[in-house]
Amino acid sequence: MLRLAEHHVVHRPLVALVGPTAVGKSEVGVHLAQALGTEVLAADSRQVYQGMDIATDKPTAEQRRAVPHRLIDLVAPDQRFNAGMYREAALRELERLYGERKLPLVVGGTGLYVRALIRGLCDAPPSDPAVRAELIDQARRYQKGFLHQELAKVDPEQARLLHPNDEVKIIRALEVQRLSGRPLSDVHRRHRSAVPVHSPLIFGLIRDRQSLYTRIEQRVDTFFMNGLVEETATLLAQGYDRESAAMKGLGYRQVAAFLAGDYDRDEAVRRLKRDTRHFAKRQLTWFRHEPAIVWVTVNDETRSERLAEKLATLIESFLAELADRPMQGADAVSLEAGGVTVG
RNA sequence: GCCGAGGUAGCUCAGUUGGCAGAGCACAGCCCUGAAAAGGCUGGUGUCGACAGUUCGAUUCUGUCCCUCGGCA
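Nothing here was measured: the structure is a model prediction, and the numbers come from that model.

Conventions and cut-offs
- Residues numbered from 1 in each chain as written.
- Chains lettered and ligands numbered in written order.
- Predicted model: local features only at pLDDT ≥ 70, side-chain atom pairs only at ≥ 80, totals over all residues.
- Heavy atoms only, no water.
- Helix = DSSP H or I, 4+ residues; strand = E, 2+ residues; numbered from the N terminus.
- Rg over C-alpha atoms; globule rule 2.2 N^0.38 Å.
- Buried < 20%, exposed > 50% of the residue type's maximum accessible area, 1.4 Å probe, protein only.
- Near = heavy atom within 4 Å.
- Polar contact = N/O pair within 3.5 Å; in protein donor to acceptor, adjacent residues only side chain to side chain.
- Nonpolar A, V, L, I, M, F, W, Y, C, P; charged D, E, K, R; others polar.
- Contact = heavy atoms within 4.5 Å.
- pLDDT = per-residue confidence, 0-100.
- Axes fitted to C-alpha atoms, helices over the stretch in contact; angles between N-to-C directions.
- Parallel < 35°, antiparallel > 145°, perpendicular 65-115°, else oblique.
- Left-handed = near helix turned anticlockwise from the far one by under 90°.
- Salt bridge = Lys/Arg side-chain N within 4 Å of Asp/Glu carboxyl O.

### Points about the overall build of chain A
Piece 1. The secondary structure content of chain A amounts to 15 helices and seven strands.
Piece 2. In terms of overall size, chain A behaves like a compact globule, its C-alpha atoms giving a radius of gyration of 21 Å where 343 residues would be expected to give roughly 20 Å.
Piece 3. Projected onto its principal axes, the C-alpha positions of chain A cover 60 × 50 × 35 Å.
Piece 4. Out of the 343 residues belonging to chain A, those deemed buried represent 49%.

Take a look at the structure:
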């Protein structure tokens with residue numbers, strides 16, 4: 001049980017546990033939350049949707065009884081959700097926890113959300129459905145490179161950064177330009193000099209690639225045994241269509257296609273396994289280049305409780321060091337060297 | 001044993017009218033700030049089953065052998 005002192009709270013400390021899907025974050029997270037006497041704040045762009053429980057691998061009832069989990073089930077599947085909304089909701093939870101003298105513990109695999117929380121978002125307007133719809137329509141009507149050329153006119157720097165095929169990001173850049181009148185590259189540049197307000201300690205969980213892939217495949221089989229097809233059918237019956245952001249998530253996308261007759265069930269399983277492996281790989285690339293992560297290698301013999309104890313010890317040193325730190329823009333921790341291996 | 005089909009990238013296969021071969025999947029690396037479980041980029045030397053023959057040149061033609069899968073015995 002750990003309670004923050006005032007000289008801790010001023011630094012706005014937080015611990016994050018990140019890593020690819022199926023690496024074992026949730027289990028370690030629960031034990032770590034228990035060791036620290038705190039709660040789990042999910043950083044997961046899919047667990048925010050109500051009624052989508054199986055393929056998002058939401059914490060079990062037992063886990064939620066053991067430790068409160070927040071930032072889950074925030075919106076219905078047809079509601080908009082994004083990194084900005086996540087950041088706002090998460091900041092509220094952080095302040096609440098500081099008020100209770102608890103150390104916030106963020107657990108999740110959505111790199112952008114973790115980054116948005118720790119480093120903040122740039123000062124760009126949130127997405128606007130009308131502007132976006134118009135841009136998407138333009139992309140459909142004109143030839144392939146049209147929007148990219150449009151972007152090159154108003155924000156050549158951003159256009160150079162984006163591949164002409166990357167329509168999603170090109171549309172976002174144009175959207176920002178239209179809504180704010182400022183080039184996105186400019187907004188980004190300004191944000192880079194912003195001073196972070198939190199003092200994060202980030203643990204990155206990794207394991208052998210083959211072992212990770214095996215766990216992914218086993219988990220997908222479990223999803224199907226646990227009724228993923230039925231859950232997806234229910235969501236579709238409730239009117240949440242295949243094109244919505246929520247239904248495009250892993251699991252629901254493949255099963256909806258199977259239910260629509262695009263391919264058979266085995267193919268849906270195969271694709272979900274494949275797409276999840278690809279996703280895990282993208283997560284690894286993202287986190288690998290995130291600065292100041294303390295890497296923690298786990299394997300099939302790793303006991304979550306023991307690992308949580310070990311991490312809790314590191315967290316205590318981190319807090320002790322933090323207390324000595326002059327109070328100003330909290331920068332990265334000094335624990336990063338070497339990494340940790342726990343058998 | 002005989003007849004047929006086939007042996008080409010980790011897998012499934014395409015192809016070369018003879019000029020050292022290419023797709024999908026798999027796999028690997030990367031980008032990313034309000035759609036992020038989304039979206040995008042890049043990466044192919046592999047005894048073309050083995051040996052011999054024909055040829056300037058064989059994975060491609062011919063012969064023998066080996067292996068796999070059918071069918072008949």
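That was the structure; now back to the text.
### Things to note about the protein's contact with RNA strand B
Piece 1. Residues in contact with RNA strand B amount to 45 residues; listed here are only the nearest, Ser 45, Asn 165, Arg 274, Arg 277 and Arg 288.
Piece 2. Each atom of RNA strand B within 4 Å of the protein was assigned to sugar, phosphate or base; sugar and phosphate come to 57%.
Piece 3. One nitrogen or oxygen atom from the main chain of Thr 56 is found 3.1 Å from a base nitrogen belonging to RNA strand B.
Piece 4. Lys 169 is positioned with one of its side-chain polar atoms (N or O) 2.7 Å from a base nitrogen of RNA strand B.
Piece 5. Mapped by element, the contributors of at least two residues to the surface near RNA strand B are helix 4 (83-99), helix 5 (111-119), helix 9 (167-180), helix 10 (184-192), helix 11 (209-225) and helix 14 (265-288).
Piece 6. A total of ten residues in the surface near RNA strand B trace back to one element, the largest contributor, which is helix 14.
Piece 7. For the surface near RNA strand B, the class distribution of residues is 14 nonpolar, 16 polar and 15 charged.

### Topic: helix 5
Piece 1. All buried positions along helix 5 are accounted for by Gly 111, Tyr 113, Val 114, Ala 116, Leu 117 and Ile 118.
Piece 2. In this structure, the buried residues of helix 5 make contact with strand 1 (13-18), helix 4, strand 4 (105-107), strand 5 (199-206) and helix 14.
Piece 3. Phi for Gly 120, located one or two positions after helix 5, is positive at around 80°.

### Some remarks on the confidence of the model for chain A
Piece 1. When pLDDT is averaged along chain A, the result is 92, and 95% of the positions lie at 70 or above.
Piece 2. Two numbers describe this predicted complex: its pTM, 0.90, and its ipTM, 0.90.

### Focus on the packing of helix 11 against helix 14
Piece 1. Contact geometry for helix 11 and helix 14: axes closest at 10 Å, N-to-C directions at 140°. On the basis of the axis angle, helix 11 is oblique to helix 14. Helix 11 and helix 14 meet at a crossing whose hand is right-handed. Listed contacts from helix 14 to Arg 209, Leu 212, Tyr 213, Ile 216, Glu 217, Val 220, Asp 221 and Phe 224 of helix 11 are Arg 265, Ala 268, Val 269, Leu 272, Lys 273, Thr 276, Arg 277, Ala 280, Lys 281, Leu 284 and Arg 288.

### Points about the pattern of salt bridges
Piece 1. The full count for this structure, using the stated rule, is 33 salt bridges.
Piece 2. In this structure, the salt-bridge partner of Arg 101 is Glu 6, at a minimum N-O distance of 2.7 Å. Pair noted here: Arg 101 is in the loop between helix 4 and strand 4 and Glu 6 is in helix 1 (residues 6-9), with a separation of 95 residues, a long-range link.
Piece 3. For Glu 6, a relative accessible area of 46% puts it in the partly exposed group.
Piece 4. Salt-bridge contacts for Arg 190 lead to Asp 186; the nearest nitrogen and oxygen are separated by 2.9 Å. Here Asp 186 and Arg 190 lie together in helix 10, a separation of four residues that amounts to about one turn.
Piece 5. Exposure remark for Arg 190: the relative accessible area of 53% places this residue in the exposed category.
Piece 6. Residue classification places Asp 186 among the buried residues on the basis of a relative accessible area of 18%.
Piece 7. Each of Glu 39, Arg 70, Glu 93, Arg 96, Glu 100 and Lys 102 takes part in a single network of salt bridges with overlapping partners.

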